[in-house]
Amino acid sequence: MTAKLAALHHVQLPRYRLRKTAKWLLSFRSNDLWGAATPKASQDLSPVTVVCISDTHNLQPPLPPGDHLVHAGDLTGWGTFDEIQAQLSWLSSQPHEYKIVIAGNHDLLFDEAFLANHPEHRDPRGRTRDDIDFGSVTYLQDERITLTFAKAKRALNVYGSPWTPQYGTSAFQYPRERNVWSNRVSSLTDVLVTHGPPAGFNGIKPSAGCVCLRQEVARVKPSPMVSGHVHVARGEQTVLFDAAQMLYDDIIDGTCGWEAISLLALAVLWCYVQLLVGHPVRSTRMINAAVLDGMKKDVALDAFVIDV
């Protein structure tokens with residue numbers, strides 16, 4: 001082993017052991033112990049069926065029935081007026097009681113600031129987002145809406161935001177080092193819809209998610225959270241954002257070292273104490289609902305259907 005490799009081994013191995021130990025400890029606090037995400041509303045009420053899609057990129061696949069349809073952005077390929085109008089007309093024709101849509105980084109027409117800096121992407125006929133016919137679709141951009149479901153005698157607070165970390169030149173992006181999420185989402189949010197996923201979702205690399213968004217999700221604890229953007233991360237994951245999870249996240253991203261291991265062990269033990277005494281614990285069911293198949297651009301994958 002060369003001196004350079006030996007030095008690298010010396011630096012990396014302790015960190016590897018630390019992360020492996022943290023992962024082992026957290027495994028004793030399985031999210032499965034608490035089941036799927038627990039809605040903030042009482043579970044005694046009738047469920048609301050939510051159909052989740054994202055990243056259709058001009059595809060218009062058949063959608064399953066439900067009470068509430070959510071599209072987490074990237075309706076289109078190039079964000080032109082005609083593309084966006086076609087997608088919104090398709091969504092508006094769906095039978096769901098509510099249809100909620102946010103923009104993604106491909107949906108250029110919705111981002112006036114982007115178009116001001118890149119006027120070559122404006123509609124050649126001068127049409128803007130103000131000329132769009134949304135039909136029965138509700139568009140959210142950094143705002144919350146309360147939806148009332150008479151049949152289920154339920155109300156859900158839905159917050160939607162299109163922002164993703166900077167990657168290339170596209171709409172609704174922010175410098176990765178800037179925290180745009182701190183206290184951005186209403187604490188009353190039941191269903192959170194963002195275009196990009198949080199860091200750590202389904203094991204994606206840090207550069208593909210946002211650490212600050214994950215911290216905001218941990219603060220609000222929505223149920224569920226729907227996103228897209230990173231097609232290869234399609235899937236779902238239930239996360240219990242408690243003290244054990246936060247300590248684990250800090251160890252994995254390098255914020256904390258071996259001194260946090262004993263605290264993590266205590267936090268895992270505390271989870272079992274809460275379980276034994278019947279203390280209510282709320283987890284977050286996170287879904288990346290990207291529809292477009294990463295390998296076959298003309299193939300639409302199934303929507304996610306969940307009861308909230």
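What comes next is a walk through the structure. (Residues numbered from 1 in each chain as written. Predicted model: local features only at pLDDT ≥ 70, side-chain atom pairs only at ≥ 80, totals over all residues. Heavy atoms only, no water.)

**Examining the sheet that holds strand β2 (residues 68-71)**
- Read from one edge to the other, the open sheet built from five strands follows the order β4-β3-β2-β1-β13, with strand pairing classed as mixed. Of all strands in the sheet, those with a lone pairing partner are β4 (137-139) and β13 (304-307), marking the two edges. Pairs of neighbouring strands in the sheet enclose a mean axial angle of 25 degrees, with direction left out of account.
- Where strand β1 (residues 49-53) and β13 come together, four bridges link them in antiparallel fashion. Within β13, the residue paired with Val50 across the bridge is Ile306.
- Along the sheet, helix α2 (residues 81-92) contacts β1, β2, β3 (98-101) and β4; its crossing angle with β3, the most-contacted strand, is approximately 155 degrees. (Pairing = 2+ DSSP bridges. Helix = DSSP H or I, 4+ residues; strand = E, 2+ residues; numbered from the N terminus. Axes fitted to C-alpha atoms, helices over the stretch in contact; angles between N-to-C directions. Contact = heavy atoms within 4.5 Å.)

**Overview of the environment of Tyr139**
- Structurally, Tyr139 can be placed in strand β4.
- With relative accessibility at 13%, the residue Tyr139 sits in the buried group.
- Each C-alpha atom of the pair Tyr139 and Ala103 lies 8.2 Å from the other, and the pair is 36 residues apart in sequence.
- Beyond its immediate chain neighbours, meaning those up to four positions away, Tyr139 contacts Val101, Ile102, Ala103, Phe110, Arg129, Phe134 and Phe172.
- Of the polar contacts made by the side chain of Tyr139, one reaches the side chain of Gln141; its length is 2.6 Å. (Buried < 20%, exposed > 50% of the residue type's maximum accessible area, 1.4 Å probe, protein only. Polar contact = N/O pair within 3.5 Å; in protein donor to acceptor, adjacent residues only side chain to side chain.)

**Looking at the nonpolar core**
- Ile53, Leu88, Leu91, Val101, Phe110 and Ile132 are the most contacted members of the largest nonpolar core, which has 24 residues in total.
- Of all elements in the fold, only β1, α2, α3 (112-117) and β4 reach the threshold of two or more residues within this core.
- Looking at this core element by element, the count peaks at five residues for α2.
- Contact partners of Leu91, with chain neighbours within four places excluded, come to Ile53, Leu69, His71, Leu75, Lys99, Val101 and Val137.
- Among the nonpolar cores identified, the runner-up in size contains 21 residues, and Ile100, Leu140, Phe149 and Ala152 belong to it. (Core = buried A, V, L, I, M, F, W, Y, C linked by side-chain atoms within 4.5 Å.)

**Remarks on helix α5 (residues 243-252)**
- Three or more residues of α5 are buried, namely Ala244, Gln245, Leu247, Tyr248, Asp249 and Ile251.
- Count one or two residues on from α5 and you reach Gly254, which has phi positive near 90 degrees.

**Points about the pattern of salt bridges**
- In this structure the tally under the stated criterion is eight salt bridges.
- One salt bridge connects Arg219 with Glu216, and the closest N-O pair in it is separated by 2.7 Å. Residue Arg219 and its partner Glu216 are located together in helix α4 (residues 211-220), separated by three residues, close to a single helical turn.
- What makes Arg219 partly exposed here is its relative accessible area of 35%.
- Classification of Glu216 as buried rests on a relative accessible area of 4%. (Salt bridge = Lys/Arg side-chain N within 4 Å of Asp/Glu carboxyl O.)

**Comments concerning a nonpolar patch on the surface**
- Taken together, the side chains of Leu263, Leu266, Leu269, Trp270, Val273, Leu276 and Val277 make up a nonpolar region of the molecular surface, amounting to roughly 770 Å² of accessible area.
- Here Trp270 is to be found in helix α6 (residues 261-276). (Patch = residues over 30% accessible without salt bridge, like charges linked within 9 Å, V, L, I, M, F, W, Y side chains within 5 Å. Areas by Shrake-Rupley, 256 points an atom, 1.4 Å probe, with all protein chains shown as cover.)

**Some words on unusual backbone geometry**
- Looking along the chain, the bond that leaves Ser223 and enters Pro224 is cis, with omega of 5 degrees.
- As for its placement among the helices and strands, Pro224 is situated in the loop between α4 and β10 (225-227).
- Here the phi dihedral of Asp142 falls at roughly 60 degrees; this positive angle occurs in a residue that is not glycine.
- Of note, Asp142 is situated in the loop between β4 and β5 (143-149).

**As for the packing of α5 against α6**
- The interhelical angle for the contact between α5 and α6, taken along N-to-C directions, is 155 degrees, at an axis separation of 8 Å. Between α5 and α6, the angle is such that the two are roughly antiparallel. Note on packing geometry: the crossing formed by α5 with α6 is left-handed. Of the residues in α6, those touching α5 at Ala243, Ala244, Leu247, Tyr248 and Ile251 are Ile261, Leu263, Leu264, Ala267, Val268 and Cys271.
- Of the residues assigned to the contact of α5 with α6, the class counts are eleven nonpolar, no polar and no charged. (Parallel < 35°, antiparallel > 145°, perpendicular 65-115°, else oblique. Left-handed = near helix turned anticlockwise from the far one by under 90°. Nonpolar A, V, L, I, M, F, W, Y, C, P; charged D, E, K, R; others polar.)

**A short note on α6**
- The end-to-end C-alpha distance of α6, which contains 16 residues, comes to 23 Å, matching closely the 22 Å that a straight helix rising 1.5 Å per residue would cover.
- A positive backbone phi angle near 75 degrees is found at Gly278, which sits one or two residues after α6. (Expected span 1.5 Å × (residues − 1).)

**Quick notes on the pairing of strand β9 (residues 191-194)**
- Side chains of β9 alternate between two faces, with Val191 and Val193 and Leu192 and Thr194 buried alike.
- Pairing of strand β6 (residues 154-161) with β9, which is carried by four bridges, proceeds in the parallel orientation. Looking at β9, one finds that Ser161 is bridged to Thr194.
- Across two bridges, β9 lies against β10 in parallel orientation. Considered in β10, the bridge of Leu192 is made with Met225.

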